[in-house]
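Observations on chain architecture
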Amino acid sequence: MIRIRPTRPCDAPALPGVERSSGDIFRGWAGLEWIADDDVQSEERHRALIADGVAFVAEAAGFGIAAFLNGTVTADALHLWQVAVHRDWQGRGLGRQLIEAAQRHAADHGVPSLTLTTFRDVPWNEPYYRRLGFVTLGDGQIDPRLRAVLDAEARAGLPIAQRCAMRKHL
Ligand SMILES: CC(C)(COP(=O)(O)OP(=O)(O)OC[C@H]1O[C@@H](n2cnc3c(N)ncnc32)[C@H](O)[C@@H]1OP(=O)(O)O)[C@@H](O)C(=O)NCCC(=O)NCCS
């Protein structure tokens, strides 16, 4: 049984391990294998987003925390910083349920859209979010906030030509 609930501070120590496990899926994707060993959000970052942002976990009976999502409310959107599902739980709808929870939270708080940045073309990234109703933004549609997110990713070493920004209007 899966329960989607807001993340609590006591969950923070478990979350970097969930993200590390989620990244394993990239080992099979030519050119991006290194993402599997890339840095993950720190426990401190999780605590900050639990306190000041939006954070949900998927808790599985007999397992513990199987997935998490976090984000920040901005002037025009709930921006999702991370969605991560433990490798053993991928493909069972947990990602979809977490995004639906974020969407409900945004709608309940009068936030008109969700935004995120992700890898173009990777099946569990851009095409996946498209199926969930996100639209890939063209250059002219990327506002200064999202441009700054992409710029920071470039500085952190992500291959920027392979990144895209997406938005879902609610
Ligand atoms: C992306 C992620 C959050 C999706 O969560 P999930 O619970 O596995 O997703 P769901 O069960 O809701 O849906 C699985 C989808 O992923 C796609 N997918 C998963 N693994 C895949 C694979 N190896 N190859 C192709 N597609 C795959 C499926 O097509 C499926 O989409 P569909 O149901 O619309 O057909 C999760 O796979 C994950 O943690 N990935 C690694 C980290 C990551 O990329 N995070 C997103 C950063 S923007």
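Residues numbered from 1 in each chain as written. Predicted model: local features only at pLDDT ≥ 70, side-chain atom pairs only at ≥ 80, totals over all residues. Heavy atoms only, no water.

Of all 10 residues that make up strand 3 (residues 64-73), 7 are buried, and the element is covered over most of its length. The turn joining strand 2 (residues 54-60) and strand 3, which pair antiparallel and follow one another in sequence, is formed by 3 residues; a positive phi near 80 degrees is taken by G62. Relative to strand 4 (residues 78-85), strand 3 runs antiparallel, the two being bridged by 7 bridges. Paired with F68 across the bridge in strand 4 is A84. Linking two consecutive strands that pair antiparallel, namely strand 3 and strand 4, is a turn of 4 residues. (Buried < 20%, exposed > 50% of the residue type's maximum accessible area, 1.4 Å probe, protein only. Helix = DSSP H or I, 4+ residues; strand = E, 2+ residues; numbered from the N terminus. Pairing = 2+ DSSP bridges.)

Around the ligand, the structure places 22 residues, and the nearest of them are G91, G93, G95, Y128 and R131. Residue R92 places a main-chain N or O atom 3.1 Å away from an oxygen atom belonging to the ligand. Listed by contribution, the elements that provide at least two residues to the shell around the ligand are strand 4, helix 3 (94-108), strand 5 (113-119) and helix 4 (126-131). When residues in the shell around the ligand are grouped by element, the largest group, 4 residues, is from strand 4. Across the shell around the ligand, the residue classes break down as 10 nonpolar, 9 polar and 3 charged. (Near = heavy atom within 4 Å. Polar contact = N/O pair within 3.5 Å; in protein donor to acceptor, adjacent residues only side chain to side chain. Nonpolar A, V, L, I, M, F, W, Y, C, P; charged D, E, K, R; others polar.)

Quick look at helix 1 (residues 15-22) now. The element helix 1 is largely enclosed, with a buried count of 6 among its 8 residues. Residues of helix 1 that are buried include every one of L15, P16, V18, E19, S21 and S22, and no others. Elements that come into contact with the buried residues of helix 1 comprise helix 2 (43-52), strand 2, strand 3 and strand 4. (Contact = heavy atoms within 4.5 Å.)

All right, on to the sheet that holds strand 4 then. One open sheet accounts for 7 strands, arranged 1-2-3-4-5-7-6; its pairing is mixed. One side of each edge strand has no neighbouring strand; the edge strands of this open sheet are strand 1 (2-6) and strand 6 (135-136). Both strand 4 and strand 5 contribute to a ladder of 2 bridges, which runs parallel. Within strand 5, the residue paired with H79 across the bridge is T115. Set on the sheet, helix 1 makes contact with strand 2, strand 3 and strand 4; between it and strand 3 the angle comes to about 95 degrees. Taken strand by strand, helix 2 contacts strand 2, strand 3 and strand 4, and its axis lies near 65 degrees from that of strand 3. (Axes fitted to C-alpha atoms, helices over the stretch in contact; angles between N-to-C directions.)

Despite not being glycine, D121 shows a phi value in the positive range, around 70 degrees. Residue classification places D121 among the exposed residues on the basis of a relative accessible area of 58%.

So, about the packing of aromatic side chains. Evaluation of the coordinates by the stated rule reveals 6 aromatic pairs. Plain terms: the ring middles of W29 and W124 are 5.8 Å apart, the flat faces sit at 75 degrees to each other, and that makes the pair edge-to-face. Here W29 is found in the loop between helix 1 and helix 2, whereas its partner W124 is found in the loop between strand 5 and helix 4, with 95 residues between them in sequence. By relative accessible area, W29 is classed as partly exposed at 30%. Through successive ring pairs, a cluster of aromatic residues spans F26, W29, F119 and W124. (Phe/Tyr/Trp six-rings, centres within 6.5 Å; stacked < 30°, edge-to-face > 60°.)

Another aspect to go through is the environment of I50. Mapped onto the fold, I50 is located in helix 2. Taking C-alpha positions, I50 is 18 Å from D108, a pair spaced 58 residues apart along the chain. Ignoring sequence-local partners within four residues, the contact set of I50 consists of T7, R8, P9, A12 and A55.

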